[in-house]
Each structure stands twice: as C-alpha cells, then as structure tokens.
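Structure at a glance
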Amino acid sequence: MGVIISVVNQKGGVAKTTTAINLSAAIGQKGKRVLLVDLDPQGNATSGIGINKKELGYTTYDVIMGDVRPEEAVIPTEYKNVWIIPATQALAEGEIRLTAFKNKTLQLKKALLQIKDQYDIIMVDCLPSLGVLALNGLTACDRIIIPMQCEPYSLEGVAELLSTVKRVKNSTNKNLQIMGIVFTMLDKRLTVNKDVMNTIKESFPPDSIFKTEIPRNVKISEAPSHGEPITYYDPSSKGAEAYKKLAGEVIKRAQSADKML
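Let us look at the structure shown here. Note that this is a predicted model, so its numbers are computed, not measured.

**Structural notes on the overall build of the protein chain**
A tally of regular secondary structure across the protein chain gives 12 helices and seven strands. Taken over the C-alpha trace, the protein chain has a radius of gyration of 17 Å; the compact-globule value for 261 residues is 18 Å, and the two agree within 12%. Expressed as a percentage of its 261 residues, the buried residues of the protein chain come to 54%. For the protein chain, the accessible surface area stands at approximately 11,500 Å², while carbon and sulfur atoms represent 50% of it. Computed over 33 positive and 28 negative side-chain charges, the inter-centroid distance for the protein chain is 6 Å.

**Focus on empty space enclosed by the protein**
By the definition in use, this model includes one cavity of 30 Å³ or more. Space inside the largest cavity adds up to approximately 50 Å³. T18, I21, N22, G48, I220, A223, P224, E228, P229 and I230 are the residues that line the largest cavity. Class assignment of the residues belonging to the lining of the largest cavity gives a composition of six nonpolar, three polar and one charged.

**Concerning the sheet that holds strand β2 (residues 34-39)**
Strand order across the open sheet formed by seven strands is β3-β4-β2-β5-β1-β6-β7, with mixed pairing between neighbours. Two strands bound the open sheet, and with one partner strand each, they are β3 (75-76) and β7 (177-184). Direction of pairing for β2 relative to strand β4 (residues 82-85): parallel, over a ladder of four bridges. Considered in β4, the bridge of L35 is made with W83. Along the sheet face, helix α1 (residues 16-29) touches β1 (3-7), β2, β4, β5 (121-126), β6 (143-149) and β7 and points at about 165° away from the line of β5. Across the sheet, helix α9 (residues 191-203) lies against β6 and β7, angled at about 165° from β7, the strand it touches most.

Here is what the cut-offs are and how they apply
- Residues numbered from 1 in each chain as written.
- Predicted model: local features only at pLDDT ≥ 70, side-chain atom pairs only at ≥ 80, totals over all residues.
- Heavy atoms only, no water.
- Helix = DSSP H or I, 4+ residues; strand = E, 2+ residues; numbered from the N terminus.
- Rg over C-alpha atoms; globule rule 2.2 N^0.38 Å.
- Buried < 20%, exposed > 50% of the residue type's maximum accessible area, 1.4 Å probe, protein only.
- Areas by Shrake-Rupley, 256 points an atom, 1.4 Å probe, with all protein chains shown as cover.
- Lys, Arg positive; Asp, Glu negative; His and termini not counted.
- Charge placed at Lys NZ, Arg CZ, Asp CG, Glu CD.
- 1 Å grid on protein atoms, 1.4 Å probe; cavity = no way out; pocket = protein on both sides within 12 Å on 5 of 7 lines; lining within 4 Å.
- Points joined across faces, edges and corners; volume = space filled by probe spheres on them.
- Nonpolar A, V, L, I, M, F, W, Y, C, P; charged D, E, K, R; others polar.
- Pairing = 2+ DSSP bridges.
- Contact = heavy atoms within 4.5 Å.
- Axes fitted to C-alpha atoms, helices over the stretch in contact; angles between N-to-C directions.

This is the structure:
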C-alpha cells in the first residue's frame, strides 16, 4: 500500500509545484514508484515535467468527475519511476461542477484508493487555494507537505491552512497528518528569511519541520521552462542536491506513515 502525500499551501509563489515535481523525480531516482497527480487547473506540474498539454487524453478533471477510471488517465513521464495524471484548464470547471456533488470533497479519494497499491508514493500537487479542489486533495491524502517561503505573510497563510487541516481531520479524513514544513527559496543572508524561519521553528515541534532547506537557486527557476525536474536539468546544482536530500527525508517519513496506516 502506498502513501498519498498532498503538497499544499493556499499562498501562491512558494515553490509548491516546483517541490511536487522535483520531489517526485528525486524519489523516483531512488527506486520508488511515484504517481504525480496534477490538481491545479494551471497544469504547471504537467508542463513542468515535460508533458504537452495539447496532446492529452484523459486528465484529472475526468477522474474527479468519475467519467473514467484513474488508471485510464495515468501516463508515463520521461523520468525514472514517475507517472502522472495530468491537468488542464478544464479542471477549473470541475471546481464549479463539484459543488453540486453530494460527496464533493471525496471524489479524488475514491479514485486514488483504486490505484494506491500500485505506487510507493502518490504526490498530489494542490492548487493555491482552500476551495473544493484543494479540499479534495486534503481529504484524499495520508500526509501533507507544506512548502513555505520565509516571508511575513507566510505565517498568516500557514495559520489559515492549519485551521483547514483541523476541520478536514474532524470531518472527512481523521488520519490526516502533517508530514512536514519545508522552507523554500531560502536566502539566509536576508534577515527577514532568518526571522520568519526562527519563528516557525519556535512554533512547531522539531519533527514537523524537514531538516533539508531548499535554497534560492537560479537553476531551479530555469528547469520548468525546459520541462525537466532539477535533478535531471542540472544534477550537480545546489537545488538538485537539496531536493535529493529532501527526497530521502520524505521516503523515510513515508515508510513510517505506511506502517501506521
């Protein structure tokens, strides 16, 4: 049985999709089977891992609408041990249509449970909101990863997200837990970055924060435009090394989570 991990933050621009893509690739390189699920109508995880959205058949939209079985929407990527259920702008219509469903936040969970045992890790890239699609991501997963940029407004965003996580845990997903917060686009030369990071570390237990920190790195920014994860685009870069280390932490925590499920 695999572990479903949602990468979540309702604040945009925190390297959420970047983290979902690069973690999926790095975990795949370590020999684990990974399914990346693009749950964002922008489809950035899809294009960022080298998939041409103009050539797609079934997508996440078809899966959450219940129109196709999830395995029909899975396509292979060019990268070792990584598959994807892609997304297009059509998923925005899903956000609207889901409001009429009786179990509107359970659609993704029902789908992923059908294929959960085929992968070691299913990585869900959630859109930057706390709407019905994001709630599907939170309801479907076993653990969440919260990418966080160390800026003042990020603190407010995490507080709001944790409130939502608590509500989901009390209603539709009692086993939901935070796997960890990961600091992204970090520049320790900036006082504000250091101050926010220290505040978070004082506010959360040490085991709820990943030891690996993702630095601000130009190669990480360049990789998506080439449709490549950083560990393939520039394997020796500081960004690639950081995501490889983070992948090791995630695998270890996923194995612990798997024993608890």
